[in-house]
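A structural walkthrough
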Amino acid sequence: MEVHYKSKRNQVRQIPAEPGLVYKVFAEKEACLREKTIYEKLFGSALPHASVVRSGEDSLVMTCLPGKDLVEVLEKQEESGSMDWSVWQKLVEWVIGFCEITGFVMADANLRNFIYDENVQILYGVDFEDCAEGDIRQTAAQIAAYILHYAPENTDTKKEIAQYVLHRFSQHLDLDMEDLISETEKQEIALLERRKKKA
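Residues numbered from 1 in each chain as written. Predicted model: local features only at pLDDT ≥ 70, side-chain atom pairs only at ≥ 80, totals over all residues. Heavy atoms only, no water.

**A look at the overall build of the protein**
- Within the protein, the secondary structure is distributed over six helices and eight strands.
- Along the chain direction, N to C, the helices and strands of the protein fall in the order β-β-β-α-β-β-β-α-α-β-β-α-α-α.
- Seen through its principal axes, the protein has C-alpha atoms that stretch 45 × 40 × 35 Å.
- Buried residues in the protein amount to 45% of all 199 residues.
- Total accessible area computed for the protein in this model is approximately 10,700 Å², and 50% of it derives from carbon and sulfur atoms.
- A distance of 4 Å separates the average location of the 24 positive side-chain charges in the protein from that of its 35 negative side-chain charges. (Helix = DSSP H or I, 4+ residues; strand = E, 2+ residues; numbered from the N terminus. Buried < 20%, exposed > 50% of the residue type's maximum accessible area, 1.4 Å probe, protein only. Areas by Shrake-Rupley, 256 points an atom, 1.4 Å probe, with all protein chains shown as cover. Lys, Arg positive; Asp, Glu negative; His and termini not counted. Charge placed at Lys NZ, Arg CZ, Asp CG, Glu CD.)

**Side note on the sheet that holds strand 1 (residues 3–4)**
- With antiparallel pairing, the five strands of this open sheet are ordered in space as 1-2-3-5-4. Sheet topology places strand 1 and strand 4 (52–55) at the edges, where each strand pairs with a single neighbour.
- Pairing of strand 4 with strand 5 (residues 59–63) involves three bridges; the strand directions are antiparallel. By the bridge assignment, R54 is partnered in strand 5 with V61.
- With respect to the sheet, helix 1 (residues 29–42) is in contact with strand 3 (21–25), strand 4 and strand 5, its orientation differing from that of strand 5 by roughly 35°. (Pairing = 2+ DSSP bridges. Contact = heavy atoms within 4.5 Å. Axes fitted to C-alpha atoms, helices over the stretch in contact; angles between N-to-C directions.)

**Some details on the nonpolar core**
- Core analysis: the biggest nonpolar cluster contains 54 residues, and L70, W88, L111 and F169 have the highest contact counts within it.
- Of all the elements, helix 3 (residues 85–102) adds the most residues to this core, at nine residues.
- Setting aside its immediate chain neighbours within four residues, L111 contacts D69, L70, V71, L74, W88, L91, I143, I147 and Y150. (Core = buried A, V, L, I, M, F, W, Y, C linked by side-chain atoms within 4.5 Å.)

**Some thoughts on the sheet that holds strand 7 (residues 114–117)**
- The sheet built from three strands is open, its strands ordered 6-7-8 with antiparallel pairing. Strands with a single pairing partner mark the edges of an open sheet, and in this sheet they are strand 6 (68–69) and strand 8 (122–125).
- Inspection of the sheet shows strand 7 paired to strand 8 by four bridges, in the antiparallel sense. In the sheet register, F114 faces strand 8, and the bridge partner there is G125.
- Along the sheet, helix 3 contacts strand 7 and strand 8; its crossing angle with strand 8, the most-contacted strand, is approximately 40°.

**Some points on the environment of S170**
- Residue placement: S170 occurs in helix 5 (residues 156–173).
- Sequence-distant contacts of S170, that is, excluding residues within four places in its chain, are made with L175, M177 and L180.

Keep in mind these values describe shape, not function.
Right, dumping it as structure tokens:
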């Protein structure tokens, strides 16, 4: 039986005939090319990511990554009341490393685009079709906005994690914390507006 993954625009699935591989068929060929270009930039780097096994004009076949997406990790930590701050530190370090290696930022930095394997404590990033040149402060703020607005929204735990993430970005990149908080508020407004349009 095929396993299908959530995707707004593309078809992403595992096929039993080739276990350990994920097939991603893009709605647009340009998006496939953008993502393939990012994987080429990441190739050979120490930054954890999937490997591209083969590609077509509108598709990529990649290694399947073990672990859970960060939405599941967030939910688990919140339900248990036990925080593993190293996960969020790894997230910050991964995003910074990604920007340094590729020269791009993740325009869609929602938590489902990060996979964490708690068995080996490795965090991976996925879904690079929306990457572009930009300001890492916007990516940091977008991550914080997403953290705050997964249901249930704006809990004390989520506020604490979002604050931690922003503080780590501020420390690593010598960014002004007030600027990051201001940008996060803008990203929250934009996120809620996008959700209204989809409703």
